[in-house]
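# Architecture and fold: a report
Here is what each chain is made of, one letter per residue.
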Amino acid sequence: MSKRASYRRPATFKLDDANVVVTDPDEESRPSRGTIRITPESEAPQLPVAVDPTIVPSGQRFRWGALFWGAVGGLALLAAGLGVTQLIENLFARSDSLGVLGLGLTSIAIASFLVIGAREAAGLMRLATIEHLHRRAAAVLASDDRRESRNVLRDLLKIAHQNPHLARARATLTHHSGDIIDGADMIRLAERELMTPLDREARLLISAAAQRVSLVTALSPRALFDIAFVFAVSLRLIRQLALLYGGRPGTLGLIKLMRQVLAHLAITGGMAASDSVIQQVLGHGLAAKLSERLGEGLLNGLLTARLGLAAIDLTRPLPFTSLPRPALTDLAKDLLRKRDEADEA
């Protein structure tokens, strides 16, 4: 016969009562009469939180290339300054009015250069802030630090403050900022509220750019034009994604993002992944339905989409945890559907 479990009626007691005894779950000894036995439940094992891999910048080291180009730039500025100074002196020697005109144009050029430099510096700082915020959010997902999660949320709301489409999400997160929520859960909540509309818009941007590249390069007779068009569309797409997620990259920031995207693809094997996806999507007789030019256009469109997906990983302020990462196969199916609709038309 099986041993019948004994049940005890609910009762109240104080923790400092002498009759309260805390025992281990494996202890089989019977307590004395009138003693209240408390057996704590074994805690569930703490499993590590799955966190998407983030791009960790390499350690700082002395860069001779930066020193060389900095010295060359300084010499170029000195040469330009001496040339402008000599030009203004010659203009004043010829006519006072020409000298005043040259001095005014020089002042406008210097002021414009300072404004452009300030905007470029602000854009680079903005990108660095988003990159740092991404790493902080990933660290909170791993450590479940509640206080740091509130700091991340505060900085994230500052970045999202200028997007009017996120007003409702900002209000929801502000309302929940004082609630008792774990750090990792707060980051997931912020991702669902803020990143859902942005991820949807990012996928639309990537699909539109990939379709545009696929169509234009399929009709283009020159390979050189295809390369130039893909490069131009990719730069525009990366800039749009950076603006969508809160960054405002200037020319230098855009160059930095493009370099990081290519490095990200090289590290993660993105091009090889694109080739495998293309083989899967175009396989099973689908490639035979496409002409050679249409196939090349589709290939260029998928490569553009892969660049866009890599740009999302670099410009998104939060890692992918509770939301699905956009997949290249979905974009490839969209391209095939658009291509079939164009063939039928």
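Structure shown above.
Calculation rules
Residues numbered from 1 in each chain as written. Predicted model: local features only at pLDDT ≥ 70, side-chain atom pairs only at ≥ 80, totals over all residues. Heavy atoms only, no water. Phe/Tyr/Trp six-rings, centres within 6.5 Å; stacked < 30°, edge-to-face > 60°. Buried < 20%, exposed > 50% of the residue type's maximum accessible area, 1.4 Å probe, protein only. Helix = DSSP H or I, 4+ residues; strand = E, 2+ residues; numbered from the N terminus. Lys NZ or Arg CZ within 6 Å of the ring centre and 35° of its normal. Core = buried A, V, L, I, M, F, W, Y, C linked by side-chain atoms within 4.5 Å. Contact = heavy atoms within 4.5 Å. Salt bridge = Lys/Arg side-chain N within 4 Å of Asp/Glu carboxyl O. Axes fitted to C-alpha atoms, helices over the stretch in contact; angles between N-to-C directions. Parallel < 35°, antiparallel > 145°, perpendicular 65-115°, else oblique. Left-handed = near helix turned anticlockwise from the far one by under 90°. Nonpolar A, V, L, I, M, F, W, Y, C, P; charged D, E, K, R; others polar.

### What about the packing of aromatic side chains?
Per the counting criterion, the structure on display carries two aromatic pairs. When the centroid spacing of 5.1 Å and the interplanar angle of 70° are considered together, the rings of Phe68 and Trp69 count as edge-to-face. Accessibility expressed as a relative area gives 61% for Trp69, which makes it exposed. Seen in terms of ring centroids, Phe225 and Phe229 are 6.1 Å apart; in terms of plane orientation they differ by 20°. Their pairing is stacked. Of this pair, Phe225 and Phe229 both sit in helix α6 (residues 223-244), four residues apart, which is roughly one turn of the helix. In this structure, Arg316 packs its charged tip against the face of Phe320, placed 3.8 Å from the ring centre.

### Concerning the nonpolar core
Ranked by internal contacts, the top residues of the largest apolar core, which has 55 residues, are Leu194, Leu241, Val261 and Ile312. Looking at this core, the elements with two or more residues in it are α2 (96-143), α3 (146-160), α4 (167-176), α5 (183-219), α6, α7 (251-268) and α9 (292-315). It is α5 that provides the largest number of residues to this core, a total of 14 residues. Discounting residues that sit within four places of it in the chain, Leu194 has contacts with Leu156, Leu157, Ala160, Leu166, Ala169, Arg170 and Leu173.

### So, the environment of Ala305
Mapped onto the secondary structure, Ala305 falls in helix α9. For Ala305, a relative accessible area of 0% translates into the label buried. Distance in space between the C-alpha atoms of Ala305 and Ala209 is 7.5 Å, their sequence separation being 96 residues.

### A short note on the pattern of salt bridges
Close approach of charged atoms allows side chains with opposite charge to pair. Inspection of the entire model under this criterion finds seven salt bridges. Two residues, Glu148 and Arg136, come together in a salt bridge whose shortest N-O distance is 3.0 Å. Within this pair, whereas Glu148 is found in helix α3, its partner Arg136 is found in helix α2, the two being separated by twelve residues in sequence. A residue is classified by how much of its surface remains accessible, and Arg136, at 17% relative accessible area, is buried. Its salt-bridge partner being Glu191, residue Arg316 comes within 3.2 Å of it at the nearest N-O pair. With Arg316 in the loop between α9 and α10 (328-344) and Glu191 in helix α5, this residue pair connects regions lying 125 residues apart in the sequence. Classification of Glu191 by relative accessible area gives buried; the value is 0%. One continuous salt-bridge network, built from bridges that share partners, spans Arg136, Glu148 and Asp155.

### Some thoughts on the packing of α4 against α5
Across the interface, α4 lies against α5 with an axial gap of 9 Å and an inter-helix angle of 160°. As far as their axial angle goes, α5 and α4 are roughly antiparallel. Here α4 and α5 pass one another in a crossing that is right-handed. In this structure, α4 contributes Ala169, Arg170, Thr172, Leu173 and His176 to the contact, and α5 contributes Met186, Leu189, Ala190, Glu193 and Leu194. Its residues assigned to classes, the contact of α4 with α5 shows six nonpolar, two polar and two charged.

By themselves, these figures tell us nothing about what the structure is for.
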